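Residue strings, one per chain:
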Amino acid sequence: LTEVRAGRTLAISDVRTDPLTADSRFGDIGTVSGIGAPIVRGGRWCAGLYVNHAEPRTWADAEVGFVRDVADQTWDA
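These notes cover the structure that comes with them.

## Quick word on the pattern of salt bridges
Turning to step 1, where the next piece is worked out: Taken as a whole and judged by the stated rule, the model has 3 salt bridges.
Turning to step 2, where the next piece is worked out: The closest approach of N and O atoms between Asp-14 and Arg-16, which form a salt bridge, is 2.9 Å.
Turning to step 3, where the next piece is worked out: Among the residues examined, Asp-14 registers a relative accessible area of 14% and is labelled buried.
Turning to step 4, where the next piece is worked out: Arg-57 is the salt-bridge partner of Glu-63, the closest N and O atoms lying 2.2 Å from each other.
Turning to step 5, where the next piece is worked out: On the basis of relative accessibility, which here comes to 26%, the residue Glu-63 falls in the partly exposed class.
Turning to step 6, where the next piece is worked out: For Arg-57, a relative accessible area of 27% translates into the label partly exposed.

Here it is, written out as structure tokens:
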């Protein structure tokens, strides 16, 4: 959450082994991989969009960009 609140989009292939999430409880909700895209307005984190998958996954740059674009467009709408 610290990274996303700082305005960085994260793509994590496996939350069980990534240093940022290894101690998290994502497994409790069936999440193994995910992308977190922040929605930042006026220099402040306002919200975020999170996409997840139940298995390890290497996210393509195009997928990460798509999630980032959807997050921006959702806020604008």
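## Examining the pairing of strand β3 (residues 44-53)
Turning to step 1, where the next piece is worked out: Sheet topology note: the strand β2 (residues 33-41)/β3 ladder contains 9 bridges and is antiparallel. Paired with Ile-39 across the two strands is Ala-47, which belongs to β3.
Turning to step 2, where the next piece is worked out: Linking β2 to β3, which pair antiparallel, is a turn of 2 residues; within it Gly-42 sits at a positive phi near 60 degrees.

## Considerations on the sheet that holds β3
What holds strands together in a sheet is hydrogen bonding between their backbones, with the strands either parallel or antiparallel.
Turning to step 1, where the next piece is worked out: Strand order in the open sheet formed by 3 strands is β1-β2-β3, with antiparallel pairing between adjacent strands. On the outer flanks of this sheet lie β1 (10-12) and β3, each paired with one strand and no other. On average, each strand axis in the sheet is inclined to that of its neighbour by 15 degrees, with strand direction left out of account.
Turning to step 2, where the next piece is worked out: The sheet strands contacting helix α2 (residues 61-76) are β1, β2 and β3, and the helix crosses β2 at an angle near 40 degrees.

Procedures and definitions
Residues numbered from 1 in each chain as written. Predicted model: local features only at pLDDT ≥ 70, side-chain atom pairs only at ≥ 80, totals over all residues. Heavy atoms only, no water. Salt bridge = Lys/Arg side-chain N within 4 Å of Asp/Glu carboxyl O. Buried < 20%, exposed > 50% of the residue type's maximum accessible area, 1.4 Å probe, protein only. Pairing = 2+ DSSP bridges. Helix = DSSP H or I, 4+ residues; strand = E, 2+ residues; numbered from the N terminus. Axes fitted to C-alpha atoms, helices over the stretch in contact; angles between N-to-C directions. Contact = heavy atoms within 4.5 Å.

None of the figures reported here should be taken as evidence of function without further support.
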